[in-house]
Amino acid sequence: MSISHAPPGSPAPDITETSPQGAAGPTSPAPDLEPIVPTSSRRTRVPRWLRRTTGPVLLLALWQLLSSTGALTADVLASPGRIAQVAGDLVADGSLTSAMTTSLQRVAGGLLLGTLIGTGLALVSGLFRVGEDVVDAPVQMLRTVPFVGLIPLFIIWFGIGEAPKIAIITLGVTFPLYLNVYAGIRGVDAQLIEAGESLGLSRWGLVRHVILPGALPGALTGLRYSLGIAWLALVFAEQVNADSGIGFLMVQARDFLRTDVIVVCLIVYAFLGLLADFVVRSLERLLLQWRPTFTGR
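Residues numbered from 1 in each chain as written. Predicted model: local features only at pLDDT ≥ 70, side-chain atom pairs only at ≥ 80, totals over all residues. Heavy atoms only, no water.

**Describing the pattern of salt bridges**
Counted according to the given criterion, the structure contains eight salt bridges. When the shortest N-O distance is used, the salt bridge between Arg-106 and Glu-238 registers 2.9 Å. Linking Arg-106 in helix H3 (residues 95–127) with Glu-238 in the loop between helix H8 (203–237) and helix H9 (246–255), this pair joins segments that are 132 residues apart in sequence. The same class applies to Arg-106 and to Glu-238, which are both buried. Across the pair Arg-186 and Glu-132 runs a salt bridge, and its minimum N-O distance is 3.0 Å. (Salt bridge = Lys/Arg side-chain N within 4 Å of Asp/Glu carboxyl O. Helix = DSSP H or I, 4+ residues; strand = E, 2+ residues; numbered from the N terminus. Buried < 20%, exposed > 50% of the residue type's maximum accessible area, 1.4 Å probe, protein only.)

Shown next as structure tokens:
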């Protein structure tokens, strides 16, 4: 660029663009820019549902192959075809449907009581220092006791009916939910609390608009973990003095060495647990829309 100097009062100086070599010429046009598409936003050719089912399908094919070749005998583990046939028979005579209904009722009762107790204790311990001093230490002591070891004591206390089974599930659900809700409350950023106080929020307003939303991700994680523990506790509960339920079918199948019925019951447990986890994950997507997170690449 060159500027010609002129005395005061004369016309404005001439400003021209010069190339690096000193020759005057027009400004070169800017290069065309192409948008960069992130790798995570590119769509894959294989649908995700197909990729997620690849592993189970391959495992099922290997299982059927080992059973067909005789490497896996029916005494050790029945073939997938035999298990499908037995499952159809159990559904046809109504025994599997009745057992699933009874087991779902037990899990629902224990999960409801465990959620109320665990969340209530976590709120008392997480929101109040006095509550932490009174509640946290006993809960930490009790959670180290294996709930399976309390089955004989529950039978003595509650008899052999439904009460001890629901009590075992309740105990298994309470502690994971307590720990996650408590950690979620205490994990809320202190600066958010100070910002809420500066805006004039009352104590209940802080709890409602700041603390509880901040603790919600941890609470939902604890709920997912508690559901897994609930099904595990149900397996133990239904194998002790039970006359109905999926565990009762397993005990009967064990007495008659029916591995096919046992595997059917285990598959039912797995699918019920998977369904419950799907429900909680759907709740997470619905309730945590305000919190964008990393979803993998």
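There's more to say after this.
**Points about the nonpolar core**
In this structure, Ile-168, Ile-169, Trp-231, Ile-246 and Val-264 are the most contacted members of the largest nonpolar core, which totals 53 residues. Mapped by element, the contributors of at least two residues to this core are helix H2 (80–92), H3, helix H4 (129–143), helix H5 (151–158), helix H6 (162–186), H8, H9 and helix H10 (259–287). Among the elements that line this core, the one with the most residues is H8, at 14 residues. What Ile-246 contacts, discounting residues up to four positions off in sequence, is Ala-99, Met-100, Ser-103, Glu-238, Cys-265, Val-268, Tyr-269 and Leu-272. (Core = buried A, V, L, I, M, F, W, Y, C linked by side-chain atoms within 4.5 Å. Contact = heavy atoms within 4.5 Å.)

**Concerning H9**
Residues Ile-246, Gly-247, Leu-249, Met-250, Val-251 and Ala-253 constitute the buried set of H9. Structurally, H9 contributes buried residues whose contacts are with H3 and H10.

**Digging into the packing of aromatic side chains**
Under the defined criterion, the tally for this structure stands at four aromatic pairs. On the numbers, 6.3 Å between centres and 90° between planes, the contact of Trp-157 with Phe-158 is edge-to-face. Judged by its relative accessible area of 54%, Trp-157 falls in the exposed class. Classification of Phe-158 as partly exposed rests on a relative accessible area of 43%. (Phe/Tyr/Trp six-rings, centres within 6.5 Å; stacked < 30°, edge-to-face > 60°.)

**Here's the deal with a nonpolar patch on the surface**
Together, Leu-275, Phe-278, Val-279, Leu-283, Leu-286 and Leu-287 give the surface a local cluster of nonpolar side chains, amounting to about 550 Å² of exposed area. Among the structural elements, Leu-286 can be located in helix H10. (Patch = residues over 30% accessible without salt bridge, like charges linked within 9 Å, V, L, I, M, F, W, Y side chains within 5 Å. Areas by Shrake-Rupley, 256 points an atom, 1.4 Å probe, with all protein chains shown as cover.)

**Some details on H4**
With 15 residues, H4 extends 20 Å from end C-alpha to end C-alpha; this agrees with the ideal 21 Å at 1.5 Å per step. Largest kink in H4: about 35°, centred on Val-135, with the proline Pro-138 one to four residues after it. Within the sequence span of H4, burial applies to Gly-131, Val-135, Asp-136 and Val-139. Contacts from the buried residues of H4 go to H3 and H6. (Expected span 1.5 Å × (residues − 1). Bend = angle between axes of the 7 residues up to and from the residue.)

**Let's talk about the packing of H2 against H10**
The N-to-C vectors of H2 and H10 enclose an angle of 75°; their axes lie 9 Å apart at closest approach. Considered as vectors, H2 and H10 are oriented roughly perpendicular to each other. Of H10, the residues touching H2 (which contributes Arg-82, Ile-83, Val-86, Ala-87 and Leu-90) are Asp-260, Val-261, Val-263, Val-264 and Ile-267. The residue inventory of the contact of H2 with H10, partitioned by class, reads eight nonpolar, no polar and two charged. (Axes fitted to C-alpha atoms, helices over the stretch in contact; angles between N-to-C directions. Parallel < 35°, antiparallel > 145°, perpendicular 65-115°, else oblique. Nonpolar A, V, L, I, M, F, W, Y, C, P; charged D, E, K, R; others polar.)

**Digging into the packing of H3 against H4**
Their axes nearest at 6 Å, the elements H3 and H4 cross at an angle of 130°. Comparing the axis directions of H3 and H4 gives the class oblique. As for how H3 packs across H4, the hand of that crossing is left-handed. Residues Leu-121, Val-124, Ser-125 and Leu-127 of H3 touch H4, and the partners they reach there are Arg-129, Gly-131, Glu-132, Val-135, Asp-136 and Val-139. By residue class, the composition of the contact of H3 with H4 is five nonpolar, two polar and three charged. (Left-handed = near helix turned anticlockwise from the far one by under 90°.)

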